[in-house]
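Structural features, examined
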Amino acid sequence: MTNWLFKTEPDVYSWADQVKKKVEPWTGVRNAQARNFMRAMKVGEHGFFYHTGDERQVVGIVEVARVFYPDPVEPAGPWGQVDVRTVKPFAKPVTLAQIKAEPKLAELLLVRHSRLSVMPIDDAAWKLICKMGGL
DNA sequence: GCCAACGTTGGC
DNA sequence: GCCAACGTTGGC
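Report on the accompanying structure. Being a predicted model, the structure only gives us computed values, none of them experimental.

**Things to note about the packing of aromatic side chains**
Within the structure shown, the criterion is met by 8 aromatic pairs. Seen in terms of ring centroids, Phe6 and Trp26 are 5.0 Å apart; in terms of plane orientation they differ by 55°. Their pairing is tilted. Taken together, the positions of Phe6 in strand S1 (residues 3-8) and Trp26 in strand S2 (residues 23-26) put the pair 20 residues apart, joining distant regions of the chain. Residue classification places Trp26 among the buried positions, given a relative accessible area of 6%. Considering the side-chain rings of Phe48 and Phe90, the 5.6 Å spacing of their centres and the 90° angle between planes classify their relative orientation as edge-to-face. With a gap of 42 residues between them, Phe48 in strand S3 (residues 46-51) and Phe90 in strand S5 (residues 80-95) connect regions that are remote in the sequence. Judged by relative accessible area, which is 0%, Phe48 ranks as buried. By relative accessible area, which is 6% here, Phe90 ends up buried. Among the aromatic side chains, those forming a connected cluster through ring pairs are Phe6, Tyr13, Trp15, Trp26 and Phe49. In this arrangement the basic side chain of Arg66 is found over the ring face of Tyr69, its NZ or CZ atom lying 3.4 Å from the centre.

Have a look at this one:
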């Protein structure tokens, strides 16, 4: 089991949208590294739902509901998507500033590779961030 | 609004 | 195959 993190601009697709939809394809990833991570995802694996832009915080947890499949708009193309299902919101969102202030999280790809939009989160970091978020 | 990081493109 | 130019992302 691997844990993940999904980034989204809340103006485009927010946690509120995800809660409303319940299960929704994670579309628009156009980066090979992020795509490869999505390919490695298995049904039932959990991921943080992170808002970029002005918010910059982890707001909830989703789980993989369908493994990687081709972009339906361009099925022959190199890109694809997974489906994610809403699991639960954080009692208290965990901000990027909080994450950066925690030395144990200094190696997180979220910090070290800020442009990556889909990334794995190791168990220790996952548990710590959940705890920081009141879960 | 700026800029660093980084990916992509195109000329050679 | 290299690399300069350019575009995009996301944090500040």
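**Re the protein's contact with DNA strand B**
Close to DNA strand B lie Asn31, His113 and Arg115. Counted by atom, the contact set of DNA strand B within 4 Å of the protein is 45% sugar and phosphate. A distance of 2.4 Å is found between a base oxygen of DNA strand B and a side-chain nitrogen or oxygen belonging to Arg115.

**Points about the protein's contact with DNA strand C**
In the region of DNA strand C, the neighbouring residues are Lys7, Tyr50, Thr52, Gly53, Arg56, Leu96, Lys100, Ser114, Arg115 and Ser117. Near-protein atoms of DNA strand C (within 4 Å) split between backbone and bases, with sugar and phosphate holding 88%. Between DNA strand C and Tyr50, the relevant distance is 3.3 Å, taken from a phosphate oxygen to a side-chain nitrogen or oxygen of the residue. Here Lys100 contributes a side-chain N or O atom positioned 2.4 Å from a phosphate oxygen of DNA strand C. Split into classes, the residues belonging to the surface near DNA strand C amount to 2 nonpolar, 4 polar and 4 charged.

Cut-offs used in this document
Residues numbered from 1 in each chain as written. Chains lettered and ligands numbered in written order. Predicted model: local features only at pLDDT ≥ 70, side-chain atom pairs only at ≥ 80, totals over all residues. Heavy atoms only, no water. Phe/Tyr/Trp six-rings, centres within 6.5 Å; stacked < 30°, edge-to-face > 60°. Helix = DSSP H or I, 4+ residues; strand = E, 2+ residues; numbered from the N terminus. Buried < 20%, exposed > 50% of the residue type's maximum accessible area, 1.4 Å probe, protein only. Lys NZ or Arg CZ within 6 Å of the ring centre and 35° of its normal. Near = heavy atom within 4 Å. Polar contact = N/O pair within 3.5 Å; in protein donor to acceptor, adjacent residues only side chain to side chain. Nonpolar A, V, L, I, M, F, W, Y, C, P; charged D, E, K, R; others polar.

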